[in-house]
Amino acid sequence: QVQLVESGGGLVQAGGSLRLSCAASGLTFSNYVMKWYRQALGKERELVASVTSAGGSKNYLDSVKGRFTISRDNAKNSLYLQMNSLKPEDTAVYFCNARGRVSGRNYWGQGTQVTVSS
């Protein structure tokens, strides 16, 4: 049974930082491309950042470039998102996503709320 469990969300003032974590189990983590998505109230879910299975390539939503950093630790089956210089528009539920590099299997976490106050 695959599980993705996010943690690290919370309430922070604008300009502050948070580090999200996603603990994966039940899958061969190193075979999966990992992504962070977010969904603000009343808006569609959007891709925030992605990292390839070995961690060699990373991509970011334009609005978070230079502020957010995605990383992974395949030895710990964990994905991270370091978020700095947070803005109120970053307020959303953040989801961890795993997609099999070969299998295409797709899994989601339950999400963690990030709220940035102005």
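Here's what I pulled together on the structure shown here. (Residues numbered from 1 in each chain as written. Predicted model: local features only at pLDDT ≥ 70, side-chain atom pairs only at ≥ 80, totals over all residues. Heavy atoms only, no water.)

On to the overall build of the protein, then. Of the regular secondary structure elements, the protein holds zero helices and eleven strands. Ordering the α and β elements of the protein from the N terminus gives β-β-β-β-β-β-β-β-β-β-β. For a compact globule of 118 residues, the expected C-alpha radius of gyration is about 13 Å, and the protein comes in at 13 Å, within 12% of that figure. Reported as C-alpha extents along the three principal axes, the dimensions of the protein are approximately 40 × 25 × 25 Å. (Helix = DSSP H or I, 4+ residues; strand = E, 2+ residues; numbered from the N terminus. Rg over C-alpha atoms; globule rule 2.2 N^0.38 Å.)

For the rest of this paragraph, the subject is the sheet that holds strand β7 (residues 68-73). Spatially, the four strands line up as an open sheet ordered β1-β3-β8-β7, and their pairing is antiparallel. In this open sheet, the two strands that pair with only one neighbour each are β1 (3-7) and β7. Pairwise comparison of adjacent strand axes, ignoring direction, gives a mean angle of 15° for this sheet. Two elements, β1 and strand β3 (residues 18-25), share five bridges in a ladder whose sense is antiparallel. The partner of Ser7 across the bridge, within β3, is Ser21. (Pairing = 2+ DSSP bridges. Axes fitted to C-alpha atoms, helices over the stretch in contact; angles between N-to-C directions.)

Time to look at the packing of aromatic side chains. What the rule picks out here adds up to three aromatic pairs. Look at Tyr32 and Tyr107: their rings are 6.1 Å apart centre to centre, the planes differ by 50°, and that puts the pair in the tilted class. Linking Tyr32 in strand β4 (residues 32-39) with Tyr107 in strand β10 (residues 106-108), this pair joins segments that are 75 residues apart in sequence. With a relative accessible area of 24%, Tyr107 lands in the partly exposed category. Where Phe95 meets Trp108, the ring centres are 6.4 Å apart and the plane angle is 85°; that geometry is what we call edge-to-face. Of this pair, Phe95 sits in strand β9 (residues 92-100) while Trp108 sits in strand β10, and the two are 13 residues apart along the sequence. (Phe/Tyr/Trp six-rings, centres within 6.5 Å; stacked < 30°, edge-to-face > 60°. Buried < 20%, exposed > 50% of the residue type's maximum accessible area, 1.4 Å probe, protein only.)

What follows deals with the pairing of β9. Within β9, seven of the nine residues are buried, which leaves the element mostly enclosed by the surrounding structure. Pairing of β4 with β9, which is carried by eight bridges, proceeds in the antiparallel orientation. Paired with Tyr37 across the bridge in β9 is Phe95. Bridge count for β9 against strand β11 (residues 112-117) is three bridges, and the pairing is antiparallel. Residue Tyr94 lies in a different strand from β11, and its bridge partner there is Thr112. As paired strands, β9 and β10 are joined by three bridges and run antiparallel to one another. Note on β10: the bridge partner recorded for Asn97 is Trp108. Hairpin connection between β9 and β10: a loop of five residues separates the two successive antiparallel strands, and Gly104 in this loop has a positive phi of roughly 75°.

Ranked by internal contacts, the top residues of the largest apolar core, which has 27 residues, are Met34, Trp36, Leu79, Leu81, Met83 and Tyr94. Those elements giving two or more residues to this core turn out to be β3, β4, β5 (46-51), β7, β8 (78-83), β9 and β11. Beyond its immediate stretch of four places on either side in the chain, Leu81 contacts Leu18, Arg19, Leu20, Trp36, Val48, Ala49, Phe68, Thr69, Ile70 and Tyr94. (Core = buried A, V, L, I, M, F, W, Y, C linked by side-chain atoms within 4.5 Å. Contact = heavy atoms within 4.5 Å.)

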